[in-house]
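Structural characterization, general
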Amino acid sequence: MTESTRREFLVQSSGAVGGLGVMLGGMSAMAIVPDTALAAAARRLAGPVNVALIGGGRQGRAIIGELQKMDSVKIAAVCDADESRANGAARRATGAASFTDHRAMLDSVKDLAAVIIATPTHLHRAPAIDCVGAGKHVYCEGPLAHSVEDALAIAKAARAGGKLFAVGHEGRSNPIYRLARSFFRSDAVRDVVAIEAQQFQKTSWRFPATGSLKDEEVNWRLDPKHSLGLAGEWGSHAIDVACWFTEALPTSVRGHGAVRVHQDGRTIADTIECELTFPGGYRMRYAASLGNSLGGRTETFRGSNAAIRLGWSHGWMFKEADAPTQGWEVYANRQQFHKDEGITLIADATKLAEQGKLKEGVGLPNPSLYYGLWDFITAVSENKPAAIGCDALAGARTAVISIAAARAVASGAEVAIDAAALRELAS
């Protein structure tokens, strides 16, 4: 690769994600990028956007908090089947009307541009299809559905509705992940060797019932009739990142799981492992547990030239000793990991370098949820479908794969990915 080609690659890979960059201390090629993702996120929208939220639980409250960071976004209404939770969420979203039925909300609030759905996974279908039918743009939390039937139904409705439809697989909107993908798709990583992902968190997934809600409604994640378990509710996000990076879909998945810690009568495994096979012959291993926190949430892409490790708010690239030198590495900020040295992936590198604050820029200032919502709100405001990170078809494909992973974990056997469903989504 010539010096001019290296410079062109850096500019293109950075410009493609709105001015992101590897943290390069003093590299002049980065200084010509005119904008940054963080500056873009701070600009005002083309016009005010009135949104409604369906689902006032923990995720719904988190969504309200992120939307309140955005200028020109008004939360006009909040809906939840439990009246006390609906009222509580509406109070958080100052001035929002409160509803317990989403159809009544759609009929009553006439100036809604978009609706955000944050109900339990198995309850996505009805509000998603009803909101699309009412002519609203929709953002639905991921995974999109808990059954292949529901995933196909939502995707078909979104396609026919003619409105924007985003699925909350936030990795596609995460600035660090976008930058990392530009390197992954280049010769910097090269041949895929293996993909590893994990999510470890010491928690129970059990919550006390409040208001009019019954225990089984609050703790739906522990109900095998409704829940995709760790492989789907958590693992779907890592699976989506892997499919997005590789632009490939796995063909089968093996899995197993057990209740290792929370002996409270649950049948949903609190510790799992699964392995997805991709057409190129490489595999993705995913592990998760509610019983231990070491390692947290990461995805690692191993290639013959380098490995990329991502941690949602941080990212690093580890070059192999025999990988060809591209020139820019000598300027990159590095971080030591035991015997390995990682090149830090960082947003807004040029601006921070000018301010002498490079080290302060490691990591993102907002959670991934913010960037997923921002992409959706921007797409609605500016009528730019391409701004959406994960659309309905991509979200449905990820749901189909995640459903197979959940079945593999539950059965302890190898499960083929539903090829017919994937073909239907591709047609």
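Reading the values: rules and limits
- Residues numbered from 1 in each chain as written.
- Predicted model: local features only at pLDDT ≥ 70, side-chain atom pairs only at ≥ 80, totals over all residues.
- Heavy atoms only, no water.
- Core = buried A, V, L, I, M, F, W, Y, C linked by side-chain atoms within 4.5 Å.
- Buried < 20%, exposed > 50% of the residue type's maximum accessible area, 1.4 Å probe, protein only.
- Helix = DSSP H or I, 4+ residues; strand = E, 2+ residues; numbered from the N terminus.
- Contact = heavy atoms within 4.5 Å.
- 1 Å grid on protein atoms, 1.4 Å probe; cavity = no way out; pocket = protein on both sides within 12 Å on 5 of 7 lines; lining within 4 Å.
- Points joined across faces, edges and corners; volume = space filled by probe spheres on them.
- Nonpolar A, V, L, I, M, F, W, Y, C, P; charged D, E, K, R; others polar.
- Phe/Tyr/Trp six-rings, centres within 6.5 Å; stacked < 30°, edge-to-face > 60°.
- Lys NZ or Arg CZ within 6 Å of the ring centre and 35° of its normal.

**What about the nonpolar core?**
Leu67, Met105, Val115, Phe165, Val253, Met284 and Ile377 are the most contacted members of the largest nonpolar core, which totals 120 residues. Top contributing element to this core by residue count: helix α14 (residues 392-411), with 12 residues. Those residues within four positions of Met105 in sequence are excluded, and the remaining contacts are Ala52, Ile54, Ala77, Cys79, Phe99 and Val115.

**Details of empty space enclosed by the protein**
A full pass over the atoms with the stated rule returns 1 cavity of 30 Å³ or more. Lining the largest cavity are 14 residues, and of these Val167, Ser173, Gly372, Gly389 and Cys390 sit closest to its centre. Looking at the lining of the largest cavity, the elements with two or more residues in it are β7 (165-168) and α13 (368-382). Classifying every residue of the lining of the largest cavity gives 6 nonpolar, 5 polar and 3 charged.

**Notes on the packing of aromatic side chains**
Applying the stated rule across the entire model yields 9 aromatic pairs. Measuring from centroid to centroid gives 5.4 Å for Trp244 and Phe245, while their planes differ by 75 degrees, and the two rings are edge-to-face. For the pair shown, Trp244 and Phe245 are each scored as buried. The structure contains a cluster of three or more aromatic residues connected by ring pairs, namely Phe184, Trp244, Phe245 and Phe301. The aromatic ring of Phe207 is capped on one face by Arg58, whose charged end is 3.5 Å from the ring centroid.

**Focus: the environment of Glu382**
Tracing the backbone through its elements, the reader meets Glu382 in helix α13. When its relative accessible area of 23% is taken as the criterion, Glu382 is described as partly exposed. The sequence separation of Glu382 and Leu45 amounts to 337 residues, and the corresponding C-alpha distance is 7.7 Å.

**Points about the side chain of His122**
Its location among the elements puts His122 in the loop between β5 (114-117) and α7 (125-133). When sequence neighbours within four positions are dropped, the list of residues in contact with His122 reads His146, Asp150, Trp220 and His226.

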